[in-house]
Amino acid sequence: MRKLVILGAGTAGTMMLNKLYNALDLNEWSITIVDKDETHYYQPGFLFIPFGIYNRRDVIKPKRDFFPPGVEVIMSEIDRIEPDKNRVVLANNRVLPYDYLIIATGSRIDPSEIEGMKDKLWYKNVFDFYTIEGACALGNFFKHWEGGKLVIHITEMPIKCPVAPLEFAFLADWYFTERGIRDKVDIHFVTPLPGAFTKPRASAILGDFLEKKNIKLIPDFNIARVDNDEKKIVSWDEIEVPFDVLVTIPTNKGDEAIKRSGMGDELNFIPTDKHTLMAEGFDNIFVLGDATNLPSSKAGSVAHFQSDILFENFMDVIDGRKPSAKFDGHANCFIESGFGKGILIDFNYDTEPLPGKFPLPGIGPFSLLEETKMNHYGKVMFRWMYWNFLLKGVELPIESHMSMAGKRL
Amino acid sequence: MPVREILGKMIEFDDDGHLKNLNDWNEEIAKELAKEEGIPELTDRHWLVINYMRQEFQKIGDAPSIRKLTKESGVDTKELYQLFPKGPAKKAAKIAGLPKPKGCI
């Protein structure tokens, strides 16, 4: 029997499990998946909870609904990976030997990285929306808030879903307009980047959207601390931004188990070959999704495109061949822009987001880098696709490699 | 590829404005690059950071991130921002003649 162990049953790990399950002969393979949490969260839905569009129930399902029969499921913390011994040690000291390992342990926020962030104002006037707890606490706060200065803030890159903070700003503009108090809410967008987004052309276009929606952009802001008494954030070069409510994206880090294994960089992300998706220095370990240190976005769409590549390379490697498929950094993001509209971007390592039609050149139905109602329906429909197709490893009608067809240079 | 004259020598730069060839670098060039970044004089503290960065680059082939600098260079974050205003990791890499750190997206 050959042994495959998958660490992490989030979007990436679950998707990969289902893809490989359909291809591997269970008479020859034993497959084990490990995760510490019984609940699967539809993380793209967290964005909508603060605005009362979704509630907790809309974004959770039991993980076990998505595991095929005949797979060993272990609900446990991981203590460490011992890659030189080809084994994983769980929190209860149980040892899992493997022939092949797929690491999909994701990324999570760590507000304790910044002085004063997780302090007496945490979940009172300082919130995150990258956790279910943060999103729900912020939803309760907004319901009764009568206005003031709302500061949306990114601590440092990289973060999971780099467009989510922008979407949050656009939705806040819409939400407070609907509530009839937009004139009482002063919205600021504070970022360590030189502009609204990581890539220049999209950054310019998205920056224009911020301006149109009367959201003030403060770029190049590197936070040093949160001052809880005076309710302000202070940068390393002593620029101060006061707030009534701070919605921050704290530092994102890989799992602590990666650190304990000595396999991560300073943020616990695993050095990974950007094309083959194999962990650097190991020929039987693959890394998928947010856990990698790749210069691509940390997002479900990216994990999905990676999973197609990883699948091919896994099949090569177990038959003794060299990995033949190459990941190109493809990402595809629906950006909710408020008032029932959305913007779509599609890009990879080498090509920044460009305008055009997607996925059918000239036809669409989606428009790239433009605000349309159809793009919004794409986003709404996606949750259904996620639960019913994506996690189950069913093919979607989108190429894993980015296509230039339909794009305008 | 942009080429500029510095101290009488034609020097190539990459698209991010960092030195193309590591071998073009020397301490005199570093002083000129620092001036272009708005740092009139390089102090011992600047050199501590610059030399650490060059050592790290030789070891691992990538310029260190701000997080790593804070942990290992002997200069804390606050001072790094005073020495190299706005973006210490990127600015110090530029002056040290190294490519932009991969972590800087």
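Bear in mind the structure is a predicted one, so any value in this text is a computation, not a measurement. (Residues numbered from 1 in each chain as written. Chains lettered and ligands numbered in written order. Predicted model: local features only at pLDDT ≥ 70, side-chain atom pairs only at ≥ 80, totals over all residues. Heavy atoms only, no water.)

### Quick notes on the overall build of chain A
Stage number 1. A tally of regular secondary structure across chain A gives seven helices and 24 strands.
Stage number 2. Along the longest, intermediate and shortest principal axes, the C-alpha atoms of chain A span 65 × 50 × 40 Å.
Stage number 3. Of all 409 residues assigned to chain A, the portion counted as buried reaches 60%.
Stage number 4. Counted over contacts in chain A with a minimum sequence separation of 6, partners at least 24 positions apart contribute 66%.
Stage number 5. Here chain A displays about 16,400 Å² of accessible surface, and carbon together with sulfur accounts for 50% of that area.
Stage number 6. Across chain A, the mean location of the 47 positive side-chain charges is 4 Å away from that of the 57 negative side-chain charges. (Helix = DSSP H or I, 4+ residues; strand = E, 2+ residues; numbered from the N terminus. Buried < 20%, exposed > 50% of the residue type's maximum accessible area, 1.4 Å probe, protein only. Contact = heavy atoms within 4.5 Å. Areas by Shrake-Rupley, 256 points an atom, 1.4 Å probe, with all protein chains shown as cover. Lys, Arg positive; Asp, Glu negative; His and termini not counted. Charge placed at Lys NZ, Arg CZ, Asp CG, Glu CD.)

### Let's talk about the environment of B:G38
Stage number 1. With respect to the helices, strands and loops of the structure, B:G38 is situated in the loop between helix 1 (27–36) and helix 2 (44–60).
Stage number 2. Placed 17 residues apart in sequence, B:G38 and B:Q55 show a C-alpha to C-alpha distance of 24 Å.

### As for the pairing of strand 23 (residues 356–360) of chain A
In regular strands, side chains alternate between the two faces of the sheet.
Residue and element names in this part refer to chain A.
Stage number 1. Here five bridges tie strand 23 to strand 24 (residues 364–368), and the two strands are oriented antiparallel to one another. In the strand pairing of strand 24, F358 is matched with F366.
Stage number 2. From the end of strand 23 to the start of strand 24, which pair antiparallel, there are three residues, and G362 there has a positive phi angle of about 80°. (Pairing = 2+ DSSP bridges.)

### Section: the packing of helix 2 (residues 132–144) of chain A against helix 3 (residues 164–178) of chain A
All names here are of chain A.
Stage number 1. Contact pair helix 2 / helix 3: the axes reach a minimum separation of 12 Å and the direction vectors enclose 30°. Looking at the two axes, helix 2 sits roughly parallel to helix 3. Crossing angle aside, the handedness with which helix 2 passes helix 3 is right-handed. Residues L138, F142 and K143 of helix 2 lie in contact with helix 3, whose contacting residues are F168, Y175 and F176. (Axes fitted to C-alpha atoms, helices over the stretch in contact; angles between N-to-C directions. Parallel < 35°, antiparallel > 145°, perpendicular 65-115°, else oblique. Left-handed = near helix turned anticlockwise from the far one by under 90°.)

### Section: the nonpolar core
Stage number 1. Counting 99 residues, the largest nonpolar core has A:L4, A:F142, A:L150 and A:F314 as the members making the most contacts within it.
Stage number 2. The dominant element in this core, judged by the number of residues it contributes, is helix 3 of chain A, at 10 residues.
Stage number 3. Listed in part, the 29 residues of the second largest apolar core include B:W25, B:W47, B:A63 and B:L98. (Core = buried A, V, L, I, M, F, W, Y, C linked by side-chain atoms within 4.5 Å.)

### Focus on the sheet that holds strand 18 (residues 245–249) of chain A
All names here are of chain A.
Stage number 1. Taking strand neighbours across the sheet as the criterion, the five strands line up as 11-18-12-13-14 in an open arrangement whose pairing is parallel. Each edge of the sheet is formed by a strand with only one pairing partner; in this case those strands are strand 11 (126–127) and strand 14 (216–218).
Stage number 2. Looking at chain direction, strand 13 (residues 185–190) and strand 14 are connected through three bridges and run parallel. Its bridge partner lying in strand 14, F189 is registered against L217.
Stage number 3. Against the sheet, helix 3 engages strand 12 (148–154), strand 13 and strand 18, with an angle of about 175° to strand 13.

### Considering the interface of chain A and chain B
Stage number 1. If you look at the interface, chain A gives 12 residues, while chain B gives eight residues.
Stage number 2. Of the roughly 1,200 Å² buried between chain A and chain B, counting both surfaces, carbon and sulfur atoms make up 52%.
Stage number 3. Looking at the side of chain A facing chain B, the largest losses of area belong to A:W236, A:D237 and A:E266, adding up to 49% of the total buried there.
Stage number 4. The tally of links from chain A across to chain B stands at three salt bridges.
Stage number 5. B:R67 is paired through a salt bridge with A:E156; the nearest N and O atoms lie 2.3 Å apart. (Buried area = accessible area lost by both parts, 1.4 Å probe. Salt bridge = Lys/Arg side-chain N within 4 Å of Asp/Glu carboxyl O.)

### Some thoughts on unusual backbone geometry
All names here are of chain A.
Stage number 1. Note that the residue after F358, namely P359, is joined by a cis bond; omega there is -5°.
Stage number 2. Among the structural elements, P359 can be located in strand 23.
Stage number 3. At the junction of G364 and P365, the peptide bond is cis and its omega measures out at 15° in the coordinates.
Stage number 4. In this structure, P365 sits in strand 24.
Stage number 5. Phi at Y123 is positive, roughly 65°, even though this residue is not glycine.
Stage number 6. Classification of Y123 as partly exposed rests on a relative accessible area of 28%.
Stage number 7. A positive phi is found at L369, a non-glycine position, where the angle reads about 55°.

### Digging into the domain arrangement of chain A
All names here are of chain A.
Stage number 1. Per the domain assignment, the segments of chain A are domain 1 (2–106 + 255–318), domain 2 (110–251) and domain 3 (331–390).
Stage number 2. Here domain 1 and domain 3 have C-alpha centroids that lie 26 Å from each other.
Stage number 3. The interface of domain 1 with domain 3 comprises 23 residues on the first partner and 11 residues on the second.
Stage number 4. Considering only the side of domain 1, the residues that lose the most area to domain 3 are Y42, F48 and Y54, jointly responsible for 29% of the buried surface there.
Stage number 5. Joining domain 1 to domain 3, the criterion identifies one salt bridge.
Stage number 6. With its nearest N and O atoms 3.9 Å apart, the salt bridge here joins R383 to D58.
Stage number 7. Connecting domain 1 to domain 3 are six residue pairs in polar contact (both at pLDDT 80 or more).
Stage number 8. Within the residue set of the side of domain 1 that touches domain 3, elements represented by two or more residues are helix 1 (11–21), strand 3 (39–41), strand 4 (60–62) and helix 6 (300–318).
Stage number 9. Ranked by residue count, the leading element in the side of domain 1 that touches domain 3 is helix 6, at four residues. (Domains from an automatic or database assignment. Polar contact = N/O pair within 3.5 Å; in protein donor to acceptor, adjacent residues only side chain to side chain.)

### Details of the packing of aromatic side chains
Residue and element names in this part refer to chain A.
Stage number 1. All told, the structure shown has 33 aromatic pairs over all chains when counted by the stated rule.
Stage number 2. Relative to F314, the ring of F286 lies with its centre 5.9 Å away and its plane at 50°, an arrangement referred to as tilted. You can see F286 sitting in strand 20 (residues 285–287) and its partner F314 sitting in helix 6, a full 28 residues away along the chain. Both residues of the pair, F286 and F314, belong to the buried class.
Stage number 3. The rings of F51, W122, Y123, F127, F129, Y130, F141, F142, W145, F168, Y175 and F176 are connected pair by pair, giving a single aromatic cluster.
Stage number 4. Note that K213 overlies the ring of F170, its terminal NZ or CZ placed 5.4 Å from the centroid.
Stage number 5. We note R383 situated over the ring of Y54; from NZ or CZ to the ring centre the distance is 4.4 Å. (Phe/Tyr/Trp six-rings, centres within 6.5 Å; stacked < 30°, edge-to-face > 60°. Lys NZ or Arg CZ within 6 Å of the ring centre and 35° of its normal.)

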